[in-house]
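# Close look at the chain arrangement
Single-letter residue listing:
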Amino acid sequence: MRTIKPLRCFDTRVIVAALGVAAWLIASAWLSRLFPPASTARVLLALGQVGAVAALVLVIRRSITRLDELAQHIHYQALAVVAAVMVTAIAGWAFLERAGMPRIDWSVYAAPAFTLAWAVGVMWIARRYE
Amino acid sequence: MKNSVRELRAARNWSQGDLAEKLAVSRQTVNAIETEKYDPSLPLALKIARLFSVRVEEIFWPAEAKALKGRD
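In this text the structure is predicted, and so the values were computed from the model without any measurement. (Residues numbered from 1 in each chain as written. Chains lettered and ligands numbered in written order. Predicted model: local features only at pLDDT ≥ 70, side-chain atom pairs only at ≥ 80, totals over all residues.)

### Comments concerning the overall build of chain B
On a plain count of helices and strands, chain B comes out with five helices and two strands. Counting from the amino terminus, chain B carries its helices and strands in the arrangement β-α-α-α-α-α-β. Taking 2.2 N^0.38 as the reference for a compact globule, 72 residues should give roughly 11 Å; the C-alpha atoms of chain B span a radius of gyration of 11 Å, in line with that estimate. Referenced to the eigenvectors of the C-alpha coordinate spread, the extents of chain B come out at roughly 30 × 20 × 20 Å. For chain B, with 72 residues in total, the buried portion stands at 26%. (Helix = DSSP H or I, 4+ residues; strand = E, 2+ residues; numbered from the N terminus. Rg over C-alpha atoms; globule rule 2.2 N^0.38 Å. Buried ≥ 20, exposed ≤ 12 C-beta atoms within 10 Å, placed from the backbone.)

And the structure:
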């Protein structure tokens, strides 16, 4: 018998991949400062950052597909809710920025905020099925 | 969606854990199906029907309808 553990998708493989991506994002951000804005090197480093984030998404997706059917259902529900919340938050904050609120660099905060909200969402939605 | 999974399981003296093991899902999934909080996917519904040797529509039916069991 398997016990449902929706957070099991955040397994060792995902954590290692996430740490690797985080290290690459920091290193490439530091490296890009060595080159002038809009230079080819900077654009390539930025594309490398996009690729790393996309690869992490694929690793997480594969991890979810290995879960129990109900656990997958919980994840997809949580992802849908969190995506809607994040779009609202980012778009909403853009309006507030125009009204004079401090600027938030979403390239830094979007991924951690999304991951945190996703984990909370999974735990919250899992309670419905207990 | 309504279902008779609990009755079919109880008739065989299986625990939720036993059924979960036979279906290769978690016990919570079986519990969520029995309490009608979760409708299983078609492959899982077919697996359940095959396990109990009945047709899918004899186990699962819309909330507003009655099970086909005994109607035909």
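### Observations regarding the interface of chain B and chain A
Every contact between the two is made by 14 residues of chain B and, on the other side, 11 residues of chain A. Among the elements that take part in the side of chain B that touches chain A, helix H3 (residues 27-34) of chain B stands out by supplying four residues, more than any other. (Contact = placed C-beta atoms within 7 Å.)

### Looking at the environment of arginine 6 of chain B
All names here are of chain B. Within the secondary structure, arginine 6 is located in helix H1 (residues 5-11). Residue classification places arginine 6 among the partly exposed residues on the basis of 16 C-beta atoms within 10 Å. Counting along the chain gives 25 residues from arginine 6 to asparagine 31, while the straight-line C-alpha distance between them is 8.7 Å.

### Observations regarding the packing of helix H2 (residues 16-23) of chain B against H3 of chain B
All names here are of chain B. Contact geometry of H2 with H3 gives a least axis separation of 8 Å together with a crossing angle of 110 degrees. Between H2 and H3, the angle is such that the two are roughly perpendicular. Contacts between H2 and H3 involve Gln16, Gly17, Leu19 and Ala20 on the former and, on the latter, Arg27, Thr29, Val30 and Asn31. When the residues that make up the contact of H2 with H3 are grouped by side-chain class, the tally is three nonpolar, four polar and one charged. (Axes fitted to C-alpha atoms, helices over the stretch in contact; angles between N-to-C directions. Parallel < 35°, antiparallel > 145°, perpendicular 65-115°, else oblique. Nonpolar A, V, L, I, M, F, W, Y, C, P; charged D, E, K, R; others polar.)

### Quick notes on the nonpolar core
A general trend in soluble globular proteins is that nonpolar side chains are found buried together. Leu70, Ile74 and Tyr129 of chain A are the most contacted members of the largest nonpolar core, which totals 22 residues. Going through the elements one at a time, helix H3 (69-98) and helix H4 (106-126) of chain A together with H1, H2 and H3 of chain B are the ones with two or more residues in this core. It is H3 of chain A that contributes the most residues to this core, five residues altogether. (Core = buried A, V, L, I, M, F, W, Y, C linked by C-beta atoms within 7 Å.)

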